[in-house]
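One letter stands for each residue in the lines below.
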Amino acid sequence: YDTGVEIDNLPMQIVDTQYPKTFFYEEDLHPEKTMNVQFSKSPFTQPFTILTWLKGLKIKDIDKEGYTFDELCIKTKPNGAEHKFCAKSLETLIGFAISKLGKNIQVLSSSFVNKQELYKVEGVQNLGDKAVMCHRLNFRTVAFYCHEVRGTTAFMVPLVAGDGTKTQALAVCHSDTSGMNRHILHQTMGVDPGTNTVCHFLGSKAILWVPNLAMDTAYQTNIVV
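The following paragraphs examine the structure supplied in this document. (Residues numbered from 1 in each chain as written. Predicted model: local features only at pLDDT ≥ 70, side-chain atom pairs only at ≥ 80, totals over all residues. Heavy atoms only, no water.)

## Notes on helix 4 (residues 182-189)
Looking at helix 4, one finds that the buried residues are Ile184, Leu185 and Met189. Buried positions in helix 4, seen along its axis, are confined to an arc of 100 degrees and lie on one side of it. Exposed and oriented more than 90 degrees from the buried face of helix 4 are His183 and Gln187. Buried residues belonging to helix 4 abut strand 1 (23-25), helix 1 (48-51) and strand 11 (198-202). Directly beyond the C-terminal end of helix 4, a positive phi value near 70 degrees is found at Gly190. (Buried < 20%, exposed > 50% of the residue type's maximum accessible area, 1.4 Å probe, protein only. Helix = DSSP H or I, 4+ residues; strand = E, 2+ residues; numbered from the N terminus. Arc of directions from axis to C-beta. Contact = heavy atoms within 4.5 Å.)

## Thoughts on the environment of His183
Counting through the fold element by element, His183 comes out in helix 4. A relative accessible area of 54% places His183 in the exposed class. Counting along the chain gives 25 residues from His183 to Leu208, while the straight-line C-alpha distance between them is 26 Å.

## Here's the deal with the packing of aromatic side chains
Taken as a whole and judged by the stated rule, the model has six aromatic pairs. Judged by centre distance (5.4 Å) and plane angle (75 degrees), the ring pair of Phe39 and Phe112 falls under edge-to-face. Here Phe39, found in the loop between strand 2 (34-36) and helix 1, pairs with Phe112, found in the loop between strand 4 (105-108) and strand 5 (118-121); they are 73 residues apart in sequence, far enough to count as distant. Overall, Phe112 belongs to the buried group, its relative accessible area being 7%. Note on Phe112 and Tyr119: the rings are 5.4 Å apart at their centroids and 70 degrees apart in plane angle, and the pair reads as edge-to-face. Classification of Tyr119 as buried rests on a relative accessible area of 1%. Through pairs of rings, three or more aromatic residues link up here, namely Phe24, Phe39, Phe112, Tyr119 and Phe201. The ring of Phe48 carries the charged tip of Lys21 above its face, separated from the ring centre by 5.7 Å. (Phe/Tyr/Trp six-rings, centres within 6.5 Å; stacked < 30°, edge-to-face > 60°. Lys NZ or Arg CZ within 6 Å of the ring centre and 35° of its normal.)

Remember, this is a structural readout, not a statement about activity or role.
And the structure:
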């Protein structure tokens with residue numbers, strides 16, 4: 001972890017599209033499928049998909065208190081399916097992505113529509129099985145939890161919101177769920193770690209690094225930090 005930056009653990013205000021909580025199966029990711037995407041609402045919420053990869057966290061009432069940077073990034077060790085890094089600067093964030101994917105990479109982000117949770121899938125584009133996800137932590141100080149998870153495939157998913165607005169999202173499917181939190185996986189999907197492939201969307205405060213696919217969106221993202 002990069003040093004020299006003091007983390008303010010006080011939460012920032014989150015928006016409706018920041019932290020999706022919806023998990024689904026890969027067979028659900030197809031054109032014409034209607035997806036009901038649930039988003040975290042608590043002011044202390046950290047990205048839900050980070051918590052699914054952390055084990056040994058003290059269970060907290062997140063309506064009253066949140067997890068600190070030390071609890072998320074230092075005290076919890078990565079499991080066997082995950083390589084993680086908490087970045088306190090854009091330079092170190094990019095450095096971690098390059099260390100895993102090489103220099104010929106591009107960065108993408110999701111763009112859900114505020115105040116809407118119902119979407120229809122227009123298409124699915126496979127981005128490959130090499131990806132680094134970086135989730136903006138819910139602190140006033142800008143910090144990202146980045147990780148590369150074994151057995152992960154990324155997808156770009158054009159969507160149509162309930163009011164007809166077209167947008168796009170990023171989805172990742174994990175075929176290796178052996179390192180996921182058993183309690184959360186049971187709560188959301190009713191399955192055990194290491195069994196079914198499970199997928200989830202990335203929110204508007206996360207970015208996805210993938211090898212350059214010669215797309216027009218290379219090195220372009222709508223993320224707001």
